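Observations on the model geometry
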Amino acid sequence: MRAERRREVLVCGGAAGLAAGGYALAAGLHGAWPTGAGEVAVPYHAHLWDLLHGRAAGDLLFNWNSGYGVPFLADFFAYLMNPFSWPTALLPRDQGRLAVFLVVLASIGLGTALMAHLLGRLHTGPHWLRALAAVGYGLCAWVLDVGGAAPMWLWGLVSLPLLGLAADWCLHERRWVAGSLCVTLAWAGNLYTAALATLAAGLLLAVRLFTAPRPLRQRVRVTGRAVTVATVGILLAAPVLFVAVRAAHTAQPESPVQPLGPSGLGGRLAQLLPAAHGGLPLPDVAIGVLGLLLVCGLPFNRRVRVRERAVWCGALVLVGLGFVWTPTVLVWHGLAIPAGGPYRVAFVLSGLLVLAGWVSLAHRPDGVTLLGGAAVVALIAGLAAGRHSVRASTWLLLAVGGAVVLAALRVLDRRHADRRAGAVATWVLGGAVLGNAVWSGYAALGAVPPGGAPESAVRAGYAAVRGAADWPLGRSDPGPHAFTTNDPLLLDGQGGGYFSGYLPTVVALLLHDLGAGWTAGGRQTASVTDPVGQALFAVRAHLDDGPPPDGFVQGRAAAPPLVTVLPPGARTDTGSVWSRQESLLGERVYEAPLPVPAGGPAPTLHGSSGWSLPGGAEGTVLTVACTPGGTAYFHGVWYRGTVSGLGTTFESDGEQPTTAVAVHRLGPVPADGTVRVTLRSDTVSQLPARPVGCLRAGALEAAVARQTATGATRVTAGGHTLSAALPAGSTGTALVSVAATDGWGCAAGGGPRVAPTPVLGMIGVPLGGGADRVDCSFRPPGLTEGLTVASGTAGLLALVLVFARLTHRPARPSRGARRRAAAD
């Protein structure tokens, strides 16, 4: 027994080493880190480093860095619950790309090792061939194309075989508690991929139940056991589930995604071939030449029972069709096609292909099986020929790799009793599998052009932001300049930039209404760009775009404290971005008259809804009369085209509803007071009714001075709390420059904690007859309920475990029996 365990550890460890080593070798030959991780994964891991080292302003519940303050627990669950992410805090903070790369390698290794063990539970067979088959899963095309940029999803690579093992225990009616804990581990690690891996594990259990004759009673008993294991495991992960569901309910909706268009049979079959990348978005399911030949040969393998072949082939066809038909694709993706890629769960199909291929390999495919598999592969290659994704490397791998694999498999069949020949054939197969994986990985890593800012510039930005830190008295904003979509996390500042699938709608709309830009339909926000917006968010230092080598310049300006006071009776005006800013500022600082058409194609005014501008090369001219000496700003929101005025020309790339353009500075108002703006667009475009606002000279400085005098005299912030001391007897509404997301509660003057009264989306706390302090704290919605459910389930699980121990304890011999045994 001990020898078998040692051998199993060697086999699983060998599979893990081959997969992780193959990926590392491919990345090393490519000479660069996997592309894409710098936008999301690296900033999140930098923030995790700050959290674990006690350097972050917030905690697990709230993130003070991004979006000028956003809930964080759901994002932590989504992006940082891969257990391999946590040890990366041992590395230096500026080694974020290395940290993410190590998380990727560890996830690939563990997922491959678990798959190797699962294959052994599925069917007995040659141990090292099982390891080679598992490598096809660990380095499937989905991992090569997606894994380097999304280590959080790579936990799905671990979850699928982990849940498959739990299903195996259910099939053999053992380890109920361990199976439940495996489900919990999968769901807690990444909710999204775990849900889909659970569907696949359920399908695997169904296949195994029907591939061999079993009594109906046993099938019912096994199914019931699996349902209870999954239910208990999911309930143990209730904090993750409840928080994520509540956060998703209040999150900014995802950008509309076009329905999946037809790509043809050949385009879809091409995704089964090695090193096929590019073209239309299609599921990345390739598992290497060895796995492809084995799966294609399964229908011809007469050593596998007809029933087993039929069930496996039927299951693969059904899942494959599920990736073609839009309604079933929606089911696989939680009833919403992700904007970042419509086939994020392709690893599920890859895993099932590897399992089916192992069924054939474990039964030693004969000549007929190999010829049949080669013929099917040739048919797939013929149908896929000419596709953009099929390149020269694909044909080379198929021709050379296919010939080597076929020859090695033939030797294993004909000379299976010859240990030396079997060892040589296994080594040859190992070389072919590793070569295929490295080549495919190199092709995948090189298919995406490298990007990202130089490391030296990022370090300079970090030093500049940290050097100007004044939290919580004010904010040091890494924007509007942007290295990544998550600069506040990467540079440890307090800005508006944030990308998250759980970004609250309240945050996105607040920033949008105050003139900040957004992309991805509001799931990616940016910092405010104008001085009034920066004053509203207490931004005292910020980074603007600048010249090389760093690409930024730092700006500073006076700003009021984080908590200000609006006077009693203050009213809000939502007519334009300028009036909304003034409402929160409590002062009139802008002139924003209605523009007058003054040349070019005539625009059409639709009341307060805005202008419709015809397209054309001539351009529409609008004029606005302002007081000389002020500064003119332009806010086109969704406008797409060229904007020229006051010596400034820039491209506005708005597109409703996905891309909103931030407020842009035009320049000083000339002596005649006329601001002339020329708008050129190729298509009909929309413009707000009052797109030009003129900031009067000295008005903002006076407003900031008043807010500073009446605002907080002292501000303290904890991980998810904020307290401010106000001048004695303050009345009106205390305005906290944080979005009023669900979960906030505030108390004025030591009174009871109540939900805030939002003021245009910001936290507002009525001060009543007078108060000298405000205290606010944040509690993630769903966390209390989730902890309650998880605690109850854990108690139930403990009772089951104790009961099982008591009922399975061997009976102790009686005292008389012990005496007789001692006498003998």
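We now turn to the structure provided with this report. (Residues numbered from 1 in each chain as written. Predicted model: local features only at pLDDT ≥ 70, side-chain atom pairs only at ≥ 80, totals over all residues. Heavy atoms only, no water.)

A tally of helices and strands in the protein chain yields 27 helices and 27 strands. What you see for the protein chain is a C-alpha radius of gyration of 31 Å, in line with the 28 Å of a compact globule of 824 residues. The buried share of the protein chain, reckoned over its 824 residues, is 55%. Across the protein chain, contacts joining residues at least 24 apart in sequence account for 74% of those joining residues at least 6 apart. When the accessible area of the protein chain is evaluated, it comes to approximately 33600 Å², of which 63% is carbon and sulfur surface. Between the mean site of the 60 positive side-chain charges and the mean site of the 42 negative ones, the protein chain shows a separation of 19 Å. (Helix = DSSP H or I, 4+ residues; strand = E, 2+ residues; numbered from the N terminus. Rg over C-alpha atoms; globule rule 2.2 N^0.38 Å. Buried < 20%, exposed > 50% of the residue type's maximum accessible area, 1.4 Å probe, protein only. Contact = heavy atoms within 4.5 Å. Areas by Shrake-Rupley, 256 points an atom, 1.4 Å probe, with all protein chains shown as cover. Lys, Arg positive; Asp, Glu negative; His and termini not counted. Charge placed at Lys NZ, Arg CZ, Asp CG, Glu CD.)

Let us look at the sheet that holds strand β26 (residues 762-766). Spatially, β9-β24-β26 is the arrangement adopted by the three strands of the open sheet, whose pairing is antiparallel. The open sheet has two edge strands, β9 (563-566) and β26, and neither has a second partner. Between one strand axis and the next, the sheet turns by 35° as a mean value, whatever way the strands run. Where strand β24 (residues 733-739) and β26 come together, five bridges link them in antiparallel fashion. Along β26, the bridge assignment pairs Ala 739 with Met 762. (Pairing = 2+ DSSP bridges. Axes fitted to C-alpha atoms, helices over the stretch in contact; angles between N-to-C directions.)

This next bit is on the pattern of salt bridges. Inspection of the entire model under this criterion finds 17 salt bridges. Arg 93 serves as the salt-bridge partner of Asp 50, at 2.8 Å between the closest nitrogen and oxygen. Of this pair, Asp 50 sits in helix α2 (residues 41-52) while Arg 93 sits in the loop between α3 (73-79) and α4 (96-122); the two residues are 43 residues apart in sequence, bridging distant segments of the chain. Close ionic contact of Asp 470 with Arg 540 constitutes a salt bridge, the shortest N to O distance being 3.0 Å. Of this pair, Asp 470 sits in the loop between α20 (455-467) and β3 (475-480) while Arg 540 sits in strand β7 (residues 539-545), placing them 70 residues apart in sequence. (Salt bridge = Lys/Arg side-chain N within 4 Å of Asp/Glu carboxyl O.)

Residues Leu 25, Leu 29 and Tyr 442 make up a contiguous nonpolar surface patch of about 300 Å² in total accessible area. Exposure remark for Leu 25: the relative accessible area of 44% places this residue in the partly exposed category. (Patch = residues over 30% accessible without salt bridge, like charges linked within 9 Å, V, L, I, M, F, W, Y side chains within 5 Å.)

So, about the sheet that holds strand β14 (residues 616-625). On the basis of which strands lie adjacent, the open sheet formed by five strands has the order β11-β14-β19-β16-β17 and antiparallel pairing. Either end of the sheet is taken by a strand with one partner, and the two such strands are β11 (596-599) and β17 (648-653). Put simply, the sheet's adjacent strands are angled 30° from each other on average, direction ignored. In this structure, β14 lies alongside strand β19 (residues 674-681), joined through seven bridges in antiparallel fashion. For Ala 625, the partnering residue across the bridge sits in β19 and is Thr 674.

Note on placement: Arg 130 falls in helix α5 (residues 127-138). With relative accessibility at 3%, the residue Arg 130 sits in the buried group. In terms of polar contacts, Arg 130 uses its side chain to reach the backbone carbonyl oxygen of Ala 116, at 2.8 Å. Setting aside residues up to four positions removed in sequence, Arg 130 forms contacts with Glu 8, Val 11, Ala 116, His 117, Leu 119, Gly 120 and Trp 358. (Polar contact = N/O pair within 3.5 Å; in protein donor to acceptor, adjacent residues only side chain to side chain.)

Moving on, we get to helix α16 (residues 346-362). Here α16 contains 17 residues, and its C-alpha end-to-end distance of 24 Å stays within 8% of the 24 Å for a straight helix at 1.5 Å per residue. In terms of burial, α16 is largely enclosed, as 17 of its 17 residues are buried. Looking one or two places after α16, you find Arg 364, whose phi comes out positive at around 50°. (Expected span 1.5 Å × (residues − 1).)

A separate point is the state of the cysteines. Under the counting rule described, the total for this entry stands at two disulfides. Between the sulfur atoms of Cys 626 and its disulfide partner Cys 694 the distance amounts to 2.0 Å. Disulfide Cys 626 to Cys 694: torsion about the S-S bond roughly 70°, handedness right-handed. Within this pair, whereas Cys 626 is found in the loop between β14 and β15 (631-634), its partner Cys 694 is found in strand β21 (residues 692-695), the two being separated by 68 residues in sequence. The connectivity of the disulfide-linked cysteines in the protein chain, indexed sequentially, is 1-2, 3-4. We note that Cys 12 lacks a disulfide partner, and the nearest cysteine sulfur, in Cys 182, lies 14 Å from it. Judged by its relative accessible area of 11%, Cys 12 is buried. Of all cysteine sulfurs, the one in Cys 170 lies closest to Cys 182, which takes part in no disulfide; the gap is 10 Å. (Disulfide = S-S within 2.5 Å.)

Turning our attention to the packing of helix α9 (residues 191-210) against helix α10 (residues 216-236). The interhelical angle for the contact between α9 and α10, taken along N-to-C directions, is 165°, at an axis separation of 11 Å. Looking at the two axes, α9 sits roughly antiparallel to α10. Considering the relative orientation of α9 and α10, their crossing is right-handed. Of the residues in α10, those in contact with Leu 205, Leu 209 and Phe 210 of α9 are Arg 219, Val 222, Thr 223 and Ala 226. (Parallel < 35°, antiparallel > 145°, perpendicular 65-115°, else oblique. Left-handed = near helix turned anticlockwise from the far one by under 90°.)

Taken N-terminus to C-terminus, the directions of helix α1 (residues 2-30) and α4 make an angle of 145°; their axes are 8 Å apart at the nearest point. For the pair α1 and α4, the sense of crossing is right-handed. On α4, the residues touching Glu 8, Cys 12, Ala 15, Ala 16, Ala 19, Ala 20, Tyr 23, Ala 24 and Ala 27 of α1 are Phe 101, Val 104, Leu 105, Ile 108, Gly 109, Thr 112, Ala 113, Ala 116 and His 117. When grouped by side-chain class, the residues that make up the contact of α1 with α4 number 14 nonpolar, three polar and one charged. (Nonpolar A, V, L, I, M, F, W, Y, C, P; charged D, E, K, R; others polar.)

Attention shifts here to the packing of aromatic side chains. How two aromatic rings sit relative to each other is set out by the distance from centre to centre and by the angle between their planes. Applying the stated rule across the entire model yields 19 aromatic pairs. Look at Tyr 44 and Phe 72: their rings are 6.5 Å apart centre to centre, the planes differ by 15°, and that puts the pair in the stacked class. Of this pair, Tyr 44 sits in helix α2 while Phe 72 sits in the loop between β2 (70-71) and α3; the two residues are 28 residues apart in sequence, bridging distant segments of the chain. No difference in accessibility class separates Tyr 44 from Phe 72, as the two residues are buried. Here the aromatic rings of Trp 518 and Trp 638 are separated by 6.0 Å at their centres, their planes lie at 50°, and the arrangement is tilted. (Phe/Tyr/Trp six-rings, centres within 6.5 Å; stacked < 30°, edge-to-face > 60°.)

So, on to unusual backbone geometry. Residue Pro 549 follows Pro 548 across a cis peptide bond; omega there is 5°. Examined against the element boundaries, Pro 549 turns out to sit in the loop between β7 and β8 (552-556). Despite not being glycine, Arg 175 has its phi angle at roughly 55°, a positive value. Assignment of secondary structure puts Arg 175 in the loop between α7 (155-171) and α8 (176-189). The phi angle at Ala 520 is positive, at roughly 55°, despite the residue not being glycine. Here Ala 520 is to be found in the loop between β5 (518-519) and β6 (524-525).

Right, let's get into the side chain of Thr 659. Within the secondary structure, Thr 659 sits in the loop between β17 and β18 (664-668). Thr 659 has contacts with Trp 518, Thr 519, Val 637, Trp 638, Asp 653 and Gly 654, leaving out every residue within four places of it along the chain.

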